[in-house]
Amino acid sequence: MATTATNRTLAFLTSSPSLSFIRSLSATPLLRSNVKISDEAIFTSEHVEMRGALNKLIEKEINPYVDEWEAARSFPVHSVIKKLGEGGFLGPTRDPEYGGLGLDYSYSIAIAEELGSITCGGVPMAIGVHSDMATPALARFGSDELKKEFLAPSIAGDVVACLGVSEVGSGSDVASIKTTALPKKGSDDLVINGGKMWTTTGTKADWMCLLANTREGDPHRNKSLICLPMNTPGVSVAKEIKKIGNYSSDTAQIYFDNVVVPRKNIIGEEGQGFTYQMLQFQEERMWAVASILLPMERIMQATVEYCRERKAFGKSILDNQVVHYRLAELETELESIRSFLYRLVGLYVAGHDVTKLASMAKLKAGRLTREITDSCLQYWGGMGYTDEVPVSRAWRDTRLLSIGAGADEVMLSIICKLSGTLPK
Ligand SMILES: Cc1cc2nc3c(=O)[nH]c(=O)nc-3n(C[C@H](O)[C@H](O)[C@H](O)COP(=O)(O)OP(=O)(O)OC[C@H]3O[C@@H](n4cnc5c(N)ncnc54)[C@H](O)[C@@H]3O)c2cc1C
């Protein structure tokens, strides 16, 4: 029985293009190689230089190990974050007083886009949570003391941050979270009880940007964001969650049992946590859109090359009009997302409120990555359904984009609210 199955597998593999050919595809030049990064309106030669340096670091310190980390379902987040910190990639927009570079948001987007050179989704996601999802509110509203304690070492890469918003019973409906951080009688401390769900890097992070209810009342005005050291007594990892993708990034459920933190760990004004988190989400969403551009280009390029090589019915798969037209359509859509993102970033840098446009871009990017990865996987046939090819990893990893950082339906409800079309 076992021998027959092995023979069948061998026959399948030998009738398919060689695995070394397939593996080489993920490193092929990009579709848009005729457009230089510095030709884009939002990027300058400084952006190009920064992206080049980051790309070198990725190719030397990250990509050679990605397959190993994916198989181990874990990666050394502290050493990767340290290397990125040393390279100055973790706080381009942050105040130089705390180790940042004091640049505008287009540099964060340049970095987010270049992180797409990493050949999996889990590692860039953990980096993005650390640099662009857990720290924007702290950088904008935190006290000098908190910024020295949590922001500066995060930018340097000495500590790793995670974000605790979602809970077992509250994901899309952020206002309904149940975790409390209430004043401890007779002291200037808060006592935290409850738990968080889906915390990226939750088993390894040094501190969490935690959203909790700091009093009773209006759910939009009773919350605060709090810097919580993860080694505080009473913080525990309830479980590590097994996922269908982003293998190398750990995702945890966290419990808080009478966790005591000083009240001064509240970021900005007490009661403003919901508003701060909604603002923090804008950067998270733009970061997420930027992070999928290179992976989608890479997958389409690899698919073009695979389909050019692979023959059926006497011609290459690519020579079927339905295939090359579909790829052309997807490439066009990806370029329109890129243009949309760059326009959005330009407006954000100029000080505009981009809530509606960021929600639109995130919605469209989530849907498009599903279409691209699904169509490409289809054209790889049986090989697309194996673990041997980059398209299946991209298909698994990027599925998250329509769910995380606000599901597609949440993006739609934000757009409707801001367009005035929600039923009264
Ligand atoms: C791998 C991974 C990593 C994550 N990392 C983090 C992290 O680091 N920190 C963190 O805080 N969270 C994190 N999340 C949580 C993520 O943000 C939530 O999963 C997401 O917000 C959706 O919440 P939910 O899973 O509770 O879905 P639910 O709120 O239960 O919604 C389920 C589905 O219902 C639909 N839906 C919801 N609302 C509406 C509506 N108004 N109208 C119509 N349909 C609707 C949507 O299709 C949605 O997908 C992560 C999640 C995953 C899977």
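Computed from a predicted model, the values in this text were never measured in an experiment. (Residues numbered from 1 in each chain as written. Predicted model: local features only at pLDDT ≥ 70, side-chain atom pairs only at ≥ 80, totals over all residues.)

**What about helix 15 (residues 408–419)?**
In an α-helix there are 3.6 residues to a turn, and that puts residues three or four apart on one side.
Thought 1: The end-to-end C-alpha distance of helix 15 is 16 Å, a good match for the 16 Å that 12 residues give at a rise of 1.5 Å each.
Thought 2: Of the residues flanking the end of helix 15, it is G420, one or two places downstream, whose phi is positive at about 70 degrees. (Helix = DSSP H or I, 4+ residues; strand = E, 2+ residues; numbered from the N terminus. Expected span 1.5 Å × (residues − 1).)

**A few points about the confidence of the model for the protein chain**
Thought 1: Predicted confidence across the protein chain gives a mean pLDDT of 93, with 92% of residues reaching 70 or more.
Thought 2: Confidence over residues 1–15 falls short of pLDDT 50; this stretch has one contact with residues more than four positions distant or in other chains.
Thought 3: Contacts from residues 26–31, a stretch scored under 50 in pLDDT, to residues over four places away or in other chains number 14 contacts. (pLDDT = per-residue confidence, 0-100. Contact = placed C-beta atoms within 7 Å.)

**Focus on the nonpolar core**
Thought 1: C209 and I226 are the most contacted members of the largest nonpolar core, which totals 115 residues.
Thought 2: A total of 11 residues in this core trace back to one element, the largest contributor, which is helix 13 (residues 355–379).
Thought 3: Beyond its immediate sequence surroundings of up to four residues, I226 is in contact with A181, L210, A212, V261, N265, I266 and I267. (Core = buried A, V, L, I, M, F, W, Y, C linked by C-beta atoms within 7 Å. Buried ≥ 20, exposed ≤ 12 C-beta atoms within 10 Å, placed from the backbone.)

**Thoughts on the UniProt feature "domain: Acyl-CoA oxidase/dehydrogenase middle" (unreviewed entry) in the protein chain**
Thought 1: Under the present numbering, the feature "domain: Acyl-CoA oxidase/dehydrogenase middle" (unreviewed entry) in UniProt falls on residues 162–259.
Thought 2: For residues 162–259, the end-to-end C-alpha separation is 17 Å, with 0% helix and 49% strand making up the annotated structure. (UniProt positions renumbered as here; feature names shortened; annotations may be inferred.)

**Thoughts on unusual backbone geometry**
Thought 1: Within the chain, N246 stands out as a residue other than glycine whose phi angle is a positive 45 degrees.
Thought 2: Tracing the sequence through the fold places N246 in the loop between strand 6 (235–240) and strand 7 (251–262).
Thought 3: Residue classification places N246 among the buried residues on the basis of 25 C-beta atoms within 10 Å.
Thought 4: Notably, F313 is not glycine yet its phi reads approximately 55 degrees, a positive angle.
Thought 5: Structurally, the position occupied by F313 is in the loop between strand 8 (311–312) and strand 9 (315–316).

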